[in-house]
Structure formats: structure tokens, C-alpha cells
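Now for the letters of each chain:
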Amino acid sequence: VPRGAMLSHGAILCDLEGTRGIILQLGLEEEVFRSFLPASHVYEHTVGQYLPVAIGAQIYYLANASQVTANLPEVRPSILIAVPRFFETMHRKISQEMERRGPIGRGLFSAALDLGRRRLTGNRLSPLEKVADRFLDRIVRDKVRARFGGRLKAIVSGGAPISPELVLFFHAVGLRLLQGYGLTEASPVVTANPPFQV
């Protein structure tokens, strides 16, 4: 049973100011948001609708959430806000697509994941590995980013816990994933990791 929470305009505006501070760290330009979560949920209502309006961004609405991946290349969002289930589905689709590739494609994807994970977990890459990592960024990670429209600054996960492995996967394939935590009663964002820290 849905619970009612009385939210003041001031609380929502305060929430937007804090959230805007995180977005500003990414460099505010002509932002494009993809809205597909239920607008009746305070998470989507605040960060999927009010936040884009507050920063002068475009919002593309999607009536059928099952089509969200089909038109990401057309919409080309710069910020994508979703729930962990969406990222689990995208992880599965990307992994399945890589399995259908030949041994060379699978090997390159595996190498991009391995080097990306090692870099993100604080392991120093050798000079040769750094060159390989940049090469793999061009031929592997760019293709993954293209599936999301090619200009994402960040994907944001909230509404439920997300597994650390999933966060590491998206960072390793070249997509910055921010994690938020909130409560309906808090309008809803309470905290999020800084954009340049996993």
C-alpha cells in the first residue's frame, strides 16, 4: 500500500539545489534527460522532471518503458536516471551480445573489462597496458557508449540497492555510474557519490 508523504516546496527546491551541485561537477551544457520511470514515484518526479527543468535541460518522455533501449541512440541522453533493474537488464544484453561475437570480439571485450576494472580498483597499469586500455576504449568502450546514445556524462542508479559488481562493470566499459540514496520523505535524494569517485 503506498504511503503518503507530505513534501514542502522548500524541501523539493533544497533537494534540487543539492542534486544540481552534483550535475554541475559533470560540466553543465545542453543536457538531455530520458524519462521513462513512473512519474508517480518521487524519484522520477524530482530528478527526472523537476531537475531537468531547474537546469534548463530537455526531457524526452517515453510512454512504454520496454522501448527505452531501442531509441537511446536517437534521443542521445546526456544524463540517464534509472533503477538497478534497468542496469541489470542492460548488463545482461551487453554480455549476451558479446557472447555472440567471435573469439576476437569476446577477447577484446574481456580485455577492456579486465583493464577497466584494474584501473578503477587502484591497480597501476604498466605503460603497455595504458596504451592497450586507450586502444580498447576506442574499439570496445566507444561501441558500448554508442548503445546509450554516445554522449552520456553519467548514468544514475537509485530507488533500490545496486550490486558493486554491476557498478564496476559499467565503469569498466566506459560509462560513469552514480549511485544515489534517498527516501520519499526527504524529497527524495539524500546522497550520491561524487561523479569522479566510484
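See the structure above.
Read on for an overview of the structure. All figures in this text were calculated on a predicted structure; none of them were measured in a lab. (Residues numbered from 1 in each chain as written. Predicted model: local features only at pLDDT ≥ 70, side-chain atom pairs only at ≥ 80, totals over all residues. Heavy atoms only, no water.)

Examining the layout of surface pockets
One way to see where empty space is left: roll a probe the size of a water molecule over the atoms. So the rule is basically this: Here the term cavity refers to a set of points on a 1 Å grid, laid over the protein atoms alone, in which a 1.4 Å probe fits but cannot get out; the term pocket refers to an open set having protein on both sides within 12 Å along at least five of seven lines, with lining residues being those that place an atom within 4 Å of a point. Grid points are joined across faces, edges and corners, and a volume is the space filled by probe spheres set on the points. Where helices and strands are cited, they refer to DSSP runs of H or I of at least four residues and of E of at least two residues respectively, numbered from the N terminus.
In this structure, the largest pocket spans a volume of roughly 390 Å³. Along its surface, the largest pocket is lined by 25 residues, and Tyr43, Gly158, Gly180, Tyr181 and Val189 are the ones closest to its centre. Of all elements in the fold, only α1 (9–25), α2 (42–54), β3 (79–82), β5 (177–182) and β6 (189–192) reach the threshold of two or more residues within the lining of the largest pocket.

Quick notes on the nonpolar core
We count it as follows: Each nonpolar core is a collection of buried residues, namely Ala, Val, Leu, Ile, Met, Phe, Trp, Tyr and Cys, held together in the definition by side-chain atoms within 4.5 Å. The classification of residues rests on relative accessible area computed with a 1.4 Å probe and restricted to protein chains. Under 20% of the type maximum is buried, over 50% is exposed, and intermediate values are partly exposed. Contact definition: two residues touch when any of their heavy atoms are within 4.5 Å.
Membership of the largest hydrophobic core comes to 48 residues, with the highest contact counts inside it found for Phe86, Phe87, Phe109, Phe148 and Phe170. With residues near it in sequence (within four places) discarded, Phe148 still touches Leu72, Pro77, Leu80, Phe86, Met90, Ile94, Phe170 and Leu175.

Section: the packing of α1 against α2
The cut-off we apply is this: With axes taken as lines fitted to C-alpha atoms, and helix axes fitted only over the stretch in contact, angles between N-to-C directions fall between 0 and 180 degrees. Working definition: roughly parallel below 35 degrees, roughly antiparallel above 145 degrees, roughly perpendicular at 65 to 115 degrees, and oblique for all remaining angles. Side-chain classes follow a simple rule in which Ala, Val, Leu, Ile, Met, Phe, Trp, Tyr, Cys and Pro form the nonpolar group, Asp, Glu, Lys and Arg form the charged group, and the remainder, Gly included, forms the polar group.
The contact between α1 and α2 brings their axes to 10 Å, and the two run at 75°. Our classification of the angle between α1 and α2 gives roughly perpendicular. For the pair α1 and α2, contact is made by Ile12, Asp15, Leu16, Thr19, Arg20 and Ile23 and by Thr46, Val47, Tyr50, Leu51 and Ala54, respectively. For the contact of α1 with α2, the class distribution of residues is seven nonpolar, two polar and two charged.

Considering the packing of helix α4 (residues 84–100) against helix α7 (residues 164–172)
To be explicit about the condition: By convention, the crossing between two helices is left-handed when the near helix turns anticlockwise from the far helix through less than a right angle, and right-handed when the turn is clockwise.
Where α4 meets α7, the closest approach of the two axes is 11 Å, and the angle between their N-to-C directions is 55°. Here α7 runs oblique to α4, going by the angle between their axes. Considering the relative orientation of α4 and α7, their crossing is left-handed. Here Pro84, Phe87, Glu88, Met90, His91 and Ile94 of α4 lie close against α7, whose contacting residues are Leu166, Phe169 and Phe170. Class assignment of the residues belonging to the contact of α4 with α7 gives a composition of seven nonpolar, one polar and one charged.

Concerning the side chain of Asp133
Within the secondary structure, Asp133 sits in helix α6 (residues 127–147). Contact partners of Asp133, with chain neighbours within four places excluded, come to Leu115, Gly116, Arg119, Leu125 and Arg141.

Notes on the sheet that holds β5
What counts is decided by this rule: For two strands to be treated as a pair, DSSP must find at least two bridges joining them.
Taking strand neighbours across the sheet as the criterion, the six strands line up as β2-β1-β3-β4-β5-β6 in an open arrangement whose pairing is mixed. The sheet terminates laterally at β2 (58–61) and β6, the two strands that pair on one side only. Along the sheet, successive strands turn relative to each other by an average axial angle of 25°, direction set aside.

Here we look at the pattern of salt bridges
Heads up, the rule is: Here, a salt bridge means any side-chain nitrogen of Lys or Arg that lies within 4 Å of a carboxyl oxygen of Asp or Glu.
Going through the model one piece at a time under the given rule, you end up with eleven salt bridges. A salt bridge links Arg147 to Glu97, with the shortest nitrogen-to-oxygen separation between them at 2.2 Å. Residue Arg147 is located in helix α6, and its partner Glu97 is located in helix α4; the two are separated by 50 residues in the primary sequence. Judged by relative accessible area, which is 26%, Arg147 ranks as partly exposed. Bridged by salt links that share partners, the residues Arg119, Asp133, Asp137, Arg141, Asp142 and Arg145 form one connected network.

Concerning helix α5 (residues 103–120)
Keep this limit in mind: Expected helix span is taken as 1.5 Å per residue step, with the number of steps being one fewer than the number of residues.
With 18 residues, α5 extends 25 Å between its outermost C-alpha atoms, agreeing within 8% with the 26 Å of an ideal straight helix rising 1.5 Å per residue. Inspection of α5 places Phe109, Ala112, Leu113, Leu115 and Gly116 among the buried residues, and these make up the whole buried set. Lining the buried residues of α5 we find α4, α6 and α7. With its phi angle positive at about 90°, Gly122 sits one or two positions after the end of α5.

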